[in-house]
Amino acid sequence: MTTRPAPTQVHLETFGCQMNEYDSELVRSLMKQDGFVFTDERERADVILMNTCAIRENAHNKVYKHLSELKKLKQQRPLVVGVLGCMAQNLKEELTDIQPLVDVLAGPDAYRQLPMLIRNAMLSQEEGLYQKGLAVDLSEYETYHDVVPDRTDGVNAWIAVMRGCDNFCSFCVVPYTRGRERSRDPEGIVQEAYRIAEQGFKQITLLGQNVNSYRFGDWDFARLITAVADVPGIQRVRFTSPHPKDFPLPLLEAVVAHPNICKQIHLPLQSGSDRILGLMNRTYTNKEYRSLVERIRAMRSDIVLSTDIIGGFCGESYADFAETYRLVEEIRFHSAFIFKYSERKHTIAARKFPDDVSEGVKTERVTRLFDLQRNISYERNREYLKTIIPVLVEGDAKRSAAQGMGKSDGNITVIWDKRTISSRPGDMVSLAIYDASSTTLYAEGPLMK
Ligand code: 5AD
Ligand code: SF4
């Protein structure tokens, strides 16, 4: 009698943005269909995959650090190591040459080939050959429309509605690692939203590198988000990440009109200086950005706005930085992600502009923006004191299992003591806010449903 070999155990680690989390769900689905099983324990795995991010230098460094840890594991036992996602795409030469440790590289459009690449790598290892498996071609069409993601979270479900980016902001590597913009068929998206609702998920986040550039035939993003919001059972719909250039009135009206589309918009600013915005190829000016914010707030004064800012971009003078600082002071975002510019291979900025702001100046500018925003976020969050707000319960707080955690409509983290408020993940509860920090709202019982 022959015994079937034990199924191959795969450990998958994900770095980076929500799109990567989603892509990992696609990878798990594709590999499970092929008989692979997944394990949370690195030590038990026959295959370790890293779904990587290349957007900024520290994301990139994190992956290198993890790879060096895997070196030891690989010396102890047979192990196939795969690098997936943006770094696989962007650093294909470097990763195959410098890292003999990596057996498989698969870019964001090549996940369908992954089971085959991994089996080949395992076979070649058994034969002592150590051949590399490489699949890094970008596609103009791949949207994985027929792959049902293997979702683990029971409250939030993501749907990638478009992939890739054609904007070529000069600092950004995404157009090179994820290729051209392409949108997924809206019928498939809406069907998926129905299935997600039936499975009990409460929130859908529509994802895309440039989500509001969505276009499929005569469907634009306003029509798509409306159709998703109309799916019964879905209590919240969010979208990320949009570009400020694609906010026509119908989209703003859709956000305002639908009670279950969250009153929250992430609006990446990047810089407040027209000169720098021009060099960045952002296609809007300081004035245009401000008038978009005014238009949004005129329609809905309680909208929660967040942003991304880059400090120390090529050629950024003190005056340019001061304009960004002033704009942040003026707009008073609820929150902001503030990054030091880091040069990325292949980008327009890397090819055309010297990275000439010193590390010290970048740190100083980013710290000043960060301090400013922290104070603003603190004041903004304290506007919720003594109010009762709807909170979608997600689970335990990261810091302590004695605390519950959920999100406000504006996507602000809310925390409470589980002894005073009893709730389950997926519940929508009304909670009274009694304290607030720059990042968190603190709620108290009794629970008011
Ligand atoms: N350096 C620093 N920040 C960057 N971002 C993108 N590319 C870079 C880079 N090369 C930031 C932008 C973008 C966010 C996702 O990451 O602010 O909106
Ligand atoms: Fe990068 Fe700009 Fe595209 Fe966003 S819009 S992914 S920042 S190129």
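Residues numbered from 1 in each chain as written. Chains lettered and ligands numbered in written order. Predicted model: local features only at pLDDT ≥ 70, side-chain atom pairs only at ≥ 80, totals over all residues. Heavy atoms only, no water.

S.K.: Whenever I open this one, the environment of I118 confuses me. Can you help?
M.R.: Relative to the helices and strands, I118 is located in helix 5 (residues 114–126). Taking the C-alpha atoms as reference, I118 lies 7.6 Å from G133; in sequence the two are 15 residues apart. Apart from the residues within four sequence positions on either side, I118 is in contact with M31, F36, V47, L49 and V104. (Helix = DSSP H or I, 4+ residues; strand = E, 2+ residues; numbered from the N terminus. Contact = heavy atoms within 4.5 Å.)

S.K.: Explanation requested: the sheet that holds strand 10 (residues 203–207) in the structure shown.
M.R.: Within a sheet, neighbouring strands are paired by backbone hydrogen bonds and run either parallel or antiparallel to one another. The sheet built from 3 strands is open, its strands ordered 7-10-13 with parallel pairing. A single partner strand is all that each edge strand has here, and the edge strands are strand 7 (156–160) and strand 13 (236–240). Ignoring strand direction, the axes of neighbouring strands in this sheet form an average angle of 20°. Judged from the 5 bridges that link them, strand 7 and strand 10 form a sheet pairing that is parallel. Looking across to strand 10, one finds that A157 is bridged to I204. (Pairing = 2+ DSSP bridges. Axes fitted to C-alpha atoms, helices over the stretch in contact; angles between N-to-C directions.)

S.K.: Would you take a moment to explain the sheet that holds strand 16 (residues 335–340) for this structure?
M.R.: Overall, parallel pairing links the 3 strands, which are arranged 14-15-16 in an open sheet. Taken across any chain shown, the strands that pair with only one partner, and hence form the sheet edges, are strand 14 (264–266) and strand 16. Averaged over all adjacent pairs, the angle separating strand axes in this sheet is 10°, with direction ignored. Note: strand 15 (residues 304–311) against strand 16, 6 bridges, orientation parallel. Directly across from T307, in strand 16, lies its bridge partner A336.

S.K.: Please clarify how the site of ligand 2 should be interpreted in this entry.
M.R.: Around ligand 2, the neighbouring residues are C165, N167, F168, C169, F171, C172, V174, P175, N210, H243 and R282. Here the shell around ligand 2 is composed, by residue class, of 7 nonpolar, 3 polar and 1 charged. (Near = heavy atom within 4 Å. Nonpolar A, V, L, I, M, F, W, Y, C, P; charged D, E, K, R; others polar.)

S.K.: Even after reading the chapter, I still don't get the site of ligand 1, so can you show me in this structure?
M.R.: Around ligand 1 sit I55, R56, F171, Q270, D308, I310, F339, K340, Y341, S342 and R344, and that is every residue in its neighbourhood. Residue Q270 places a side-chain N or O atom 2.6 Å away from an oxygen atom belonging to ligand 1. Between D308 and ligand 1, the recorded distance is 2.7 Å, taken from a side-chain N or O atom to an oxygen atom. A breakdown of the residues in the shell around ligand 1 according to their chemical character gives 5 nonpolar, 2 polar and 4 charged. (Polar contact = N/O pair within 3.5 Å; in protein donor to acceptor, adjacent residues only side chain to side chain.)

S.K.: Would you explain the packing of helix 11 (residues 286–299) against helix 12 (residues 318–331) in this entry?
M.R.: Packed helices, taken two at a time, are described by the angle between their axes plus the distance between the axes. Taken N-terminus to C-terminus, the directions of helix 11 and helix 12 make an angle of 10°; their axes are 12 Å apart at the nearest point. It follows that helix 11 is roughly parallel to helix 12 by the angle criterion. From helix 11, N286, Y289, R290, V293 and R297 reach across to helix 12, where they touch E323, L327, E330 and I331. Its residues placed into classes, the contact of helix 11 with helix 12 shows 4 nonpolar, 1 polar and 4 charged. (Parallel < 35°, antiparallel > 145°, perpendicular 65-115°, else oblique.)

S.K.: Just to check I follow, could you spell out the nonpolar core for this structure?
M.R.: For soluble globular proteins, the rule of thumb is that nonpolar side chains tend to be buried together. Core analysis: the biggest nonpolar cluster contains 84 residues, and L49, V161, L206 and F221 have the highest contact counts within it. Per-element tally for this core: the top contributor is helix 8 (residues 221–229), with 7 residues. Counting 22 residues, the second largest nonpolar core, distinct from the first, contains A54, V63, C86 and A88. (Core = buried A, V, L, I, M, F, W, Y, C linked by side-chain atoms within 4.5 Å. Buried < 20%, exposed > 50% of the residue type's maximum accessible area, 1.4 Å probe, protein only.)

S.K.: Any chance you could explain helix 11 here in plain terms?
M.R.: Here helix 11 is 14 residues long and its end C-alpha atoms lie 20 Å apart, about the 20 Å a rise of 1.5 Å per residue gives. At its buried positions, helix 11 is contacted by helix 9 (249–257), strand 14, helix 10 (274–280), strand 15 and helix 12. (Expected span 1.5 Å × (residues − 1).)

S.K.: Explain the pattern of salt bridges here, please?
M.R.: When the charged atoms of two side chains with opposite charge come close together, those side chains can pair. According to the stated counting rule, one finds 29 salt bridges in the structure shown. Note that K418 is salt-bridged to D396, the shortest N-O span being 2.6 Å. With K418 in the loop between strand 19 (413–417) and strand 20 (428–436) and D396 in strand 17 (residues 388–396), the pair connects residues that are 22 residues apart, well separated along the chain. Given a relative accessible area of 36%, K418 falls into the partly exposed group. (Salt bridge = Lys/Arg side-chain N within 4 Å of Asp/Glu carboxyl O.)

S.K.: Can you help me understand the packing of aromatic side chains in this one?
M.R.: The geometry of an aromatic ring pair is captured by the separation of the ring centres together with the interplanar angle, meaning the angle of the planes. Enumeration according to the criterion identifies 10 aromatic pairs in this entry. Pairing Y284 with Y289 gives two aromatic rings, centres 5.8 Å apart and planes at 40°, and the pair type is tilted. Of the two residues, Y284 and Y289, neither departs from the other in class, the shared state being buried. An aromatic cluster is present here, built from F171, F313, Y341 and F353 joined pairwise through their rings. The ring of W219 carries the charged tip of R223 above its face, separated from the ring centre by 4.0 Å. (Phe/Tyr/Trp six-rings, centres within 6.5 Å; stacked < 30°, edge-to-face > 60°. Lys NZ or Arg CZ within 6 Å of the ring centre and 35° of its normal.)

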